[in-house]
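# What the coordinates show
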Amino acid sequence: MDKLGISEEEEEMEDMEVKDEEDDQEETAAYLNTSMSGSDRTAGGGRRSRGQEEKERTKMRERHRRAITARILGGLRKHGNYNLRVRADINEVIAALAKEAGWVVLPDGTTFPSSQAGRPATSTSAPVMPHSSALPLRGISPVGSFGRLRGGFFPGVGPVPASPLCFATAGTSGASRNESESPFFEGSIESGEDEKVIKKTVPCLHDRDFSGTPYVPVYVMLPLGVINKNCEVADPDGLINALKLLKSAGVDGVTVNCWWGIVEANRPLEYKWSGYKHLIQITRQMKLKLQVVMSFHKCGANVGDDITINLPNWVLEIGSSNPDIYFTDKDGRRNTEYLTWGIDKERVLRGRTTLEVYFDFMRSFRVEFDEFFEEGIISEIEVGLGPCGELRYPSYPMEHGWRYPGIGEFQCYDRYLMKSLRSAAEKRGHSFWGKGPSNTGTYNSRPQDTGFFCDGGDYNGFYGRFFLDWYSKALLDHADCVLMLAKLAFEGSSIAAKIPGVHWWYKTASHAAELTAGFYNSCNRDGYAPIAAMLKKHSATLNLTCVELCSFNQFDDFVEAMSDPEGLVWQVLNAAWDAGIPVVSENAVPCFDRDGFNKILENVKPFNDPDGRHLQSFTFLRLTPALFEETNFFEFKRFIKKMHGEAVLDNYT
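These notes cover the structure that comes with them. Nothing here was measured: the structure is a model prediction, and the numbers come from that model.

## Quick word on the overall build of the protein
- From N to C terminus, the protein includes 18 helices and 12 strands.
- Expressed as a percentage of its 653 residues, the buried residues of the protein come to 56%.
- Total accessible area computed for the protein in this model is approximately 27,000 Å², and 51% of it derives from carbon and sulfur atoms.

Okay, here's the thing in structure tokens:
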């Protein structure tokens, strides 16, 4: 079999499968033989001889067919990096090719175009999935749970593996990278066993024509370490070369994190802006716009963080003597990603409150870079409101052992938030409610395994509703106060806040992962409408993550997670549009392929929206060497043209 190009292991597997087929044939022959007449059995000797010859011919045909299959698999793995196992059968090959061509293939084999709104009505079978006794109607997209949604989390850049046919995942183990290395073309991606960029050969696809649609600007997030800890541009030449390539692709601008832990690193009110001034000058020379993220959180605690940037040193010194300035779980473990909003109005930071510290930082930035605001170079300020810059509690920290799809844990056990909880309980007239729930499980529990989050659990009881209302209100009050100060500091400029896509357990009644993150979005409540109303109050833009994720892929990979990113995106978009606030978005995991880009386009520019609504801009995460690989960069440029409403060719040239 060497001449057919398959290994001995594969040949052995083929022999076993052929043997199984021969056994089936023999059983069938035996059954037919018993039903033959007596005269037929008399002449059976010759027929048995001919039957043996036919079996040999069948065996040869089967060997030949499987040899061809082996070559096809080898070619797809070698040249297309398809995620196919060595012994994949022809059904898996067909399914992979169908998905590549834009079709949806359900586990039972039902296949239909992705452009179709939902599953075909003629299909009578469906994939088996666990269900809750009280599934929220909001958790199901209006076009079907697994169909296309007009228009989803990975936390921050969450640790949720994506479908290998749809997404490329890039991340690191969290180890610090040598800052002397260029973050643009060398060494900015560290690949682990299951953290690698997946490259594919792109076939000719006939997808939606976006020519003539509204122009939506595209920004690219710069590497986390573009500014080093000395507040210098880490690699000016590499940055300029990368920006030239992005400019040639039609990118409108770039986005950069402005790290509190770098600028105000050593002493309060001493700011070092030199590296950011240099970066903004380079951006202006390239005639690109700039979005700046006020990053008041720690970098290095999440997947995708390839460097470590702590909170300012003087804040860490305070934390060493007063660890209650950090979020704390029920076991007393501290989370140093972001300061608890229990001290928002407590003068524990060298005589200042957290709100005053944040305001002083933002005001200093606005004064330092006044000319760039006046020229319109800085187009938007995104205000960091929690871990990863997102409005949420740090309820799923990997450093404490959380893994997807765990429900996470409540983070309210520092003495400042517990004091607030006791005060709220006393005002309610039930002082014994002034403590956290005791039956919420652990970081990696499932809702049904806990007394609090299970169907009919305590989350929906009198105490549960009180606690969740207080917990979510503390989050909302923090955002309200910080955005009020941001609006004052950046008067006349656009400000935004990022909302995470906590999509796992979305199809359960309690929405447990959202509850621990601070979103009171159980089946009988809308947890995002109050947030949209608060943003409306401050004329702020809502930035939504995970717009590239498909519910079908999440079901396929993690059936137990009851995930629905499309349903979540639909709910948040409607909450924002009902409130009349602009929406921007970004991807949660690296995406380089046409399927992922098409999904983003569907959400950014909803098809046939009666009000003609669309998102205001999109930020691509993030600038890495993989983006500039030939196939990836071609798809990226094609995506940008569609975002700009230009006509594009379908052919890969």
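## Notes on unusual backbone geometry
- Of the consecutive residues Tyr 404 and Pro 405, the connecting peptide bond is found in the cis state with omega at 5°.
- Along the chain, Pro 405 turns up in the loop between strand S8 (378–383) and helix H11 (415–428).
- With an omega dihedral of -15°, the bond running from Leu 621 to Arg 622 counts as a cis peptide bond.
- In this fold, Arg 622 is placed in the loop between strand S12 (618–620) and helix H18 (630–643).
- The residue His 511 is not glycine, and still its phi comes out positive at about 55°.
- Phi angles above zero are rare outside glycine, and Ser 539 is one such case at about 55°.
- Position of Ser 539 among the secondary structure elements: in the loop between helix H14 (529–537) and strand S10 (541–544).
- You can call Ser 539 exposed: its relative accessible area is 55%.

## Overview of the environment of Lys 345
- Note that Lys 345 resides in the loop between strand S7 (334–339) and helix H9 (354–368).
- In sequence terms Lys 345 and His 478 are 133 residues apart; their C-alpha atoms lie 9.9 Å from each other.
- Apart from the residues lying within four places of it in its own chain, the contact partners of Lys 345 are Thr 353, Leu 355 and Cys 481.

## Describing the sheet that holds strand S9 (residues 495–499)
- Read once around its circumference, the closed barrel built from eight strands follows the order S3-S4-S5-S8-S9-S10-S11-S12, with strand pairing classed as parallel. Shown here is a sheet whose adjacent strand axes are inclined to one another by a mean of 30°, direction ignored.
- Alignment of strand S11 (residues 583–586) against S12, held across two bridges, turns out to be parallel. Along S12, the bridge assignment pairs Ser 585 with Phe 618.

## Here we look at the pattern of salt bridges
- What the rule picks out here adds up to 28 salt bridges.
- One salt bridge connects Lys 277 with Glu 368, and the closest N-O pair in it is separated by 3.1 Å. Taken together, the residues span a long stretch of sequence, with Lys 277 in helix H7 (residues 274–285) and Glu 368 in helix H9 at a distance of 91 residues.
- In this structure Lys 277 comes out as partly exposed when scored by relative accessible area, which is 27%.
- According to the relative accessible area criterion, Glu 368 is partly exposed, its value standing at 32%.
- Residue Glu 409 pairs with Arg 333 through a salt bridge whose shortest N-O separation is 3.9 Å. Taken together, the positions of Glu 409 in the loop between S8 and H11 and Arg 333 in the loop between strand S6 (326–328) and S7 put the pair 76 residues apart, joining distant regions of the chain.

## Here we look at the side chain of Asp 235
- Within the fold, Asp 235 resides in the loop between strand S3 (218–221) and helix H5 (236–249).
- A polar atom in the side chain of Asp 235 sits 3.1 Å from the backbone nitrogen of Gly 238.

## So, the packing of H5 against H18
- The N-to-C vectors of H5 and H18 enclose an angle of 50°; their axes lie 9 Å apart at closest approach. By the angle between their axes, H5 is oblique relative to H18. On the side of H5, the interface is formed by Leu 245, Leu 246, Ser 248 and Ala 249, while H18 contributes Phe 633, Phe 636, Lys 637 and Ile 640.
- Here the contact of H5 with H18 is built from residues that sort into six nonpolar, one polar and one charged.

## Observations concerning the packing of helix H17 (residues 594–604) against H18
- Running from N to C, H17 and H18 cross one another at 15°; their axes reach a closest spacing of 10 Å. The angle between the axes of H17 and H18 places the two elements in the roughly parallel class. The two elements H17 and H18 cross, and the hand of that crossing is right-handed. In this structure, H17 uses Arg 594, Phe 597, Asn 598, Ile 600, Leu 601 and Val 604 to contact H18, whose residues at the interface are Phe 634, Glu 635, Phe 636, Arg 638, Phe 639, Lys 642 and Met 643.
- Looking at the contact of H17 with H18 residue by residue, the class counts come to eight nonpolar, one polar and four charged.

## Details of the packing of aromatic side chains
- A complete count under the given rule lists 46 aromatic pairs for this structure.
- Plain terms: the ring middles of Phe 327 and Tyr 393 are 5.7 Å apart, the flat faces sit at 70° to each other, and that makes the pair edge-to-face. A residue pair is termed long-range when its members are at least 10 positions apart, and Phe 327 in strand S6 and Tyr 393 in the loop between S8 and H11 qualify at 66 residues.
- Using a relative accessible area of 0% as the deciding quantity, one classes Phe 327 as buried.
- Take Tyr 393: its relative accessible area is 0%, and that puts it in the buried class.
- When the ring centre of Phe 462 is taken as origin, the NZ or CZ atom of Arg 465, which lies over that ring, is 5.1 Å away.
- Seen from the ring of Tyr 520, Arg 525 lies directly overhead, with NZ or CZ sitting 3.7 Å from the centre.

## Digging into the nonpolar core
- Within the largest apolar cluster, 155 residues are counted, with the highest numbers of intra-cluster contacts made by Phe 365 and Phe 636.
- With 15 residues, helix H12 (residues 462–489) is the single largest residue contributor to this core.
- Discounting residues that sit within four places of it in the chain, Phe 365 has contacts with Cys 258, Trp 273, Val 292, Met 294, Phe 373, Ile 378, Ile 381 and Phe 490.

About the thresholds
Residues numbered from 1 in each chain as written. Predicted model: local features only at pLDDT ≥ 70, side-chain atom pairs only at ≥ 80, totals over all residues. Heavy atoms only, no water. Helix = DSSP H or I, 4+ residues; strand = E, 2+ residues; numbered from the N terminus. Buried < 20%, exposed > 50% of the residue type's maximum accessible area, 1.4 Å probe, protein only. Areas by Shrake-Rupley, 256 points an atom, 1.4 Å probe, with all protein chains shown as cover. Contact = heavy atoms within 4.5 Å. Pairing = 2+ DSSP bridges. Axes fitted to C-alpha atoms, helices over the stretch in contact; angles between N-to-C directions. Salt bridge = Lys/Arg side-chain N within 4 Å of Asp/Glu carboxyl O. Polar contact = N/O pair within 3.5 Å; in protein donor to acceptor, adjacent residues only side chain to side chain. Parallel < 35°, antiparallel > 145°, perpendicular 65-115°, else oblique. Nonpolar A, V, L, I, M, F, W, Y, C, P; charged D, E, K, R; others polar. Left-handed = near helix turned anticlockwise from the far one by under 90°. Phe/Tyr/Trp six-rings, centres within 6.5 Å; stacked < 30°, edge-to-face > 60°. Lys NZ or Arg CZ within 6 Å of the ring centre and 35° of its normal. Core = buried A, V, L, I, M, F, W, Y, C linked by side-chain atoms within 4.5 Å.

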